[in-house]
Amino acid sequence: MKTALYPGTFDPITYGHIDIAKRASQIFNRVIAVVAENPSKNPLFSVEERLEMVTESLMDVKNLEVIRYDGLIVDCLRENNGSVIIRGLRALSDFEYEFQMAYTNRNLYSVAETVFFMPSSKYTYLSSTMVKQIGRLNGAISDFVPDHVKMRLQKKFSISS
Ligand code: ADP
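Residues numbered from 1 in each chain as written. Predicted model: local features only at pLDDT ≥ 70, side-chain atom pairs only at ≥ 80, totals over all residues. Heavy atoms only, no water.

Q: I keep staring at helix α2 (residues 47–57) and nothing clicks. Help me out?
A: Structurally, the α-helix is built with 3.6 residues per turn, so residues lying three or four positions apart point the same way. If you check which residues of α2 are buried, you get V47, R50, M53, V54 and S57. Along the long axis of α2, the arc covered by the buried residues comes to 125 degrees, so they all point the same way. Buried residues in α2 make contact with α1 (15–27), β2 (30–36), β3 (64–69) and α6 (147–156). (Buried < 20%, exposed > 50% of the residue type's maximum accessible area, 1.4 Å probe, protein only. Helix = DSSP H or I, 4+ residues; strand = E, 2+ residues; numbered from the N terminus. Arc of directions from axis to C-beta. Contact = heavy atoms within 4.5 Å.)

Q: Any chance you could explain the site of the ligand here in plain terms?
A: Around the ligand sit 18 residues, and of these Y6, T9, K41, G88 and L126 come closest. Between a nitrogen atom of the ligand and a side-chain N or O atom of R90, the distance comes to 3.3 Å. Backbone polar atom of L126 to a nitrogen atom of the ligand: 2.8 Å apart, as the coordinates give it. For the ligand, whose free accessible area comes to 550 Å², the fraction covered by protein is 92%. Where the shell around the ligand is concerned, the elements lending two or more residues are β1 (3–8), α1 and β4 (84–88). Of the residues in the shell around the ligand, the class split is seven nonpolar, six polar and five charged. (Near = heavy atom within 4 Å. Polar contact = N/O pair within 3.5 Å; in protein donor to acceptor, adjacent residues only side chain to side chain. Areas by Shrake-Rupley, 256 points an atom, 1.4 Å probe, with all protein chains shown as cover. Nonpolar A, V, L, I, M, F, W, Y, C, P; charged D, E, K, R; others polar.)

Q: Sorry, what's going on with the packing of α2 against α6 here?
A: Helix packing geometry: the angle between the two helix axes and the distance between the axes. Closest axis-to-axis distance for the α2/α6 pair is 10 Å, and the angle between their directions is 155 degrees. Our classification of the angle between α2 and α6 gives roughly antiparallel. Along the contact surface, α2 presents E49, E52, M53, E56 and S57, while α6 presents H148, V149, R152 and K156. Across the contact of α2 with α6, the residue classes tally to two nonpolar, two polar and five charged. (Axes fitted to C-alpha atoms, helices over the stretch in contact; angles between N-to-C directions. Parallel < 35°, antiparallel > 145°, perpendicular 65-115°, else oblique.)

Q: Help me understand α6, please; the structure alone is not making it clear to me.
A: Buried within α6 we find H148, V149, L153 and Q154. On its buried face, α6 sits against α2 and α5 (128–136). Positive backbone phi, approximately 50 degrees, marks S158, located one or two places after α6.

Q: Would you mind going over the environment of N105 with me for this structure?
A: Looking at the element boundaries, N105 is found in helix α4 (residues 95–108). Using a relative accessible area of 9% as the deciding quantity, one classes N105 as buried. As for N105 and I73, which are separated by 32 residues in sequence, their C-alpha atoms are 7.8 Å apart. Not counting residues up to four positions away in its chain, the partners in contact with N105 are I73, V74, I85 and A112.

Q: Explain the packing of aromatic side chains to me, please; I cannot follow it from the model alone.
A: Geometry of an aromatic ring pair is reported as the spacing of the ring centres plus the angle between the planes. According to the stated counting rule, one finds four aromatic pairs in the structure shown. Seen from their ring centres, Y6 and F10 are 5.4 Å apart, and the 85 degrees between their planes marks the pair as edge-to-face. With relative accessibility at 2%, the residue F10 sits in the buried group. In textbook terms, an aromatic cluster arises when at least three aromatic residues are bridged by ring pairs, as seen for F95, F99 and Y103. (Phe/Tyr/Trp six-rings, centres within 6.5 Å; stacked < 30°, edge-to-face > 60°.)

Q: What's the story with the pattern of salt bridges in this structure? I'm lost.
A: A pair can form between side chains of opposite charge whenever their charged atoms are brought close. Within the structure shown, the criterion is met by 13 salt bridges. Across the pair R152 and E52 runs a salt bridge, and its minimum N-O distance is 2.7 Å. Residue R152 is located in helix α6, and its partner E52 is located in helix α2; the two are separated by 100 residues in the primary sequence. Here R87 and E98 are joined by a salt bridge, their closest N and O atoms 2.8 Å apart. Placement of the pair is R87 in strand β4 and E98 in helix α4, with a sequence separation of eleven residues. Salt bridges linked by common partners bring E37, E48, R68 and D70 together as one network. (Salt bridge = Lys/Arg side-chain N within 4 Å of Asp/Glu carboxyl O.)

And the structure:
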């Protein structure tokens, strides 16, 4: 049984993340979405809020669980008897950082294999950062995030719908 972890900040989860998680769940027996605290990224949402949004967004995916983890992803992999790290690749701009992370994780834990998925082309230019920027200015984000995430963003930015 292959367990794969899908780590991320998910600040907030978008349809791009959801697309990747669903693709991974079709290939691996068990997928665990791992919400990283990532204080260095200064997230807009608390880790608890992000965990709730990820759980709600992916509850229809049967072989997928959601956890939070504040340590190294390779330690999380060890603890869950996993060997695969899922990451999404959008444009070329993701590549350098992801390449470095994949090799670093393999150096830290030799069984760690990073597998990249490409999202549907409509999500290639979608990022949590972009969603937050548009949301902050009360722009239309319904094509990018589920309604429950949109409502949380509106609440954060004190926008009444
Ligand atoms: P991190 O801080 O770990 O990069 P993110 O939540 O920003 O966390 O991203 C988690 C993973 O999801 C990364 O591999 C990222 O490339 C991927 N991802 C984010 N948005 C998209 C998208 N629109 N399409 C495909 N992959 C995405």
